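Architecture and fold: a report
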Amino acid sequence: MGEVQFNTVVSNLPGQVGRELLFIILSDAKDHLKSGGQIVVVTISGLREFIKWNFKEIFGNYQKLEQGRTHTVAVAIRE
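What comes next concerns the included structure. (Residues numbered from 1 in each chain as written. Predicted model: local features only at pLDDT ≥ 70, side-chain atom pairs only at ≥ 80, totals over all residues. Heavy atoms only, no water.)

1. Some details on the pairing of strand β1 (residues 6-12)
- In this structure, β1 lies alongside strand β2 (residues 33-44), joined through six bridges in parallel fashion. Its bridge partner being in β2, Phe6 is matched across the sheet by Leu33.
- Handedness of the crossover is the feature at issue here: the chain leaves β1, passes through helix α1 (residues 19-31), returns alongside β2, and the resulting connection is right-handed. (Pairing = 2+ DSSP bridges. Helix = DSSP H or I, 4+ residues; strand = E, 2+ residues; numbered from the N terminus. Right-handed = clockwise from strand over helix to strand, strands pointing away.)

Right, here's the structure in full:
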């Protein structure tokens with residue numbers, strides 16, 4: 001059976017797992033997204049810059065959708 005591909009991946013990323021695992025999660029998500037598919041994540045705001053940098057590194061783009069005092073919602077598109 002072929003590899004499953006998705007239009008959208010949504011995740012509330014764990015804040016306590018370490019940056020290496022977060023990078024792996026984001027990279028794996030890209031591998032499972034169709035071209036034009038999107039990943040939407042909720043993270044603690046302390047990881048906002050890390051997610052921004054990694055989205056730009058992995059997907060080539062980043063958009064912050066919402067930011068509160070404690071959490072940030074961001075999206076990237078697989079080009």
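2. Description of the packing of aromatic side chains
- Following the criterion strictly, the structure yields two aromatic pairs and no others.
- Note on Phe55 and Phe59: the rings are 5.6 Å apart at their centroids and 80° apart in plane angle, and the pair reads as edge-to-face.
- Using a relative accessible area of 5% as the deciding quantity, one classes Phe59 as buried. (Phe/Tyr/Trp six-rings, centres within 6.5 Å; stacked < 30°, edge-to-face > 60°. Buried < 20%, exposed > 50% of the residue type's maximum accessible area, 1.4 Å probe, protein only.)

3. Some remarks on the pairing of strand β4 (residues 71-77)
- Where β2 and β4 come together, seven bridges link them in antiparallel fashion. Looking at β4, one finds that Ile44 is bridged to His71.
- As judged from the four bridges shared by strand β3 (residues 63-67) and β4, these two strands associate in the antiparallel manner. Counted as the bridge partner of Gln67 is Thr72 from β4.
- A loop of three residues connects β3 with β4, the two strands running antiparallel in sequence.

4. Here we look at the sheet that holds β3
- Strand order across the open sheet formed by four strands is β1-β2-β4-β3, with mixed pairing between neighbours. Of all the strands in the sheet, the pair left with one neighbour each is β1 and β3. Between one strand axis and the next, the sheet turns by 15° as a mean value, whatever way the strands run.
- Where α1 meets the sheet, it contacts β1 and β2, and its direction lies at approximately 155° from that of β2.
- Contacts between helix α2 (residues 48-58) and the sheet are confined to β2, β3 and β4, with β2 contributing the most and set at about 170° to the helix. (Axes fitted to C-alpha atoms, helices over the stretch in contact; angles between N-to-C directions. Contact = heavy atoms within 4.5 Å.)

So yeah, pure geometry; function would need other evidence.
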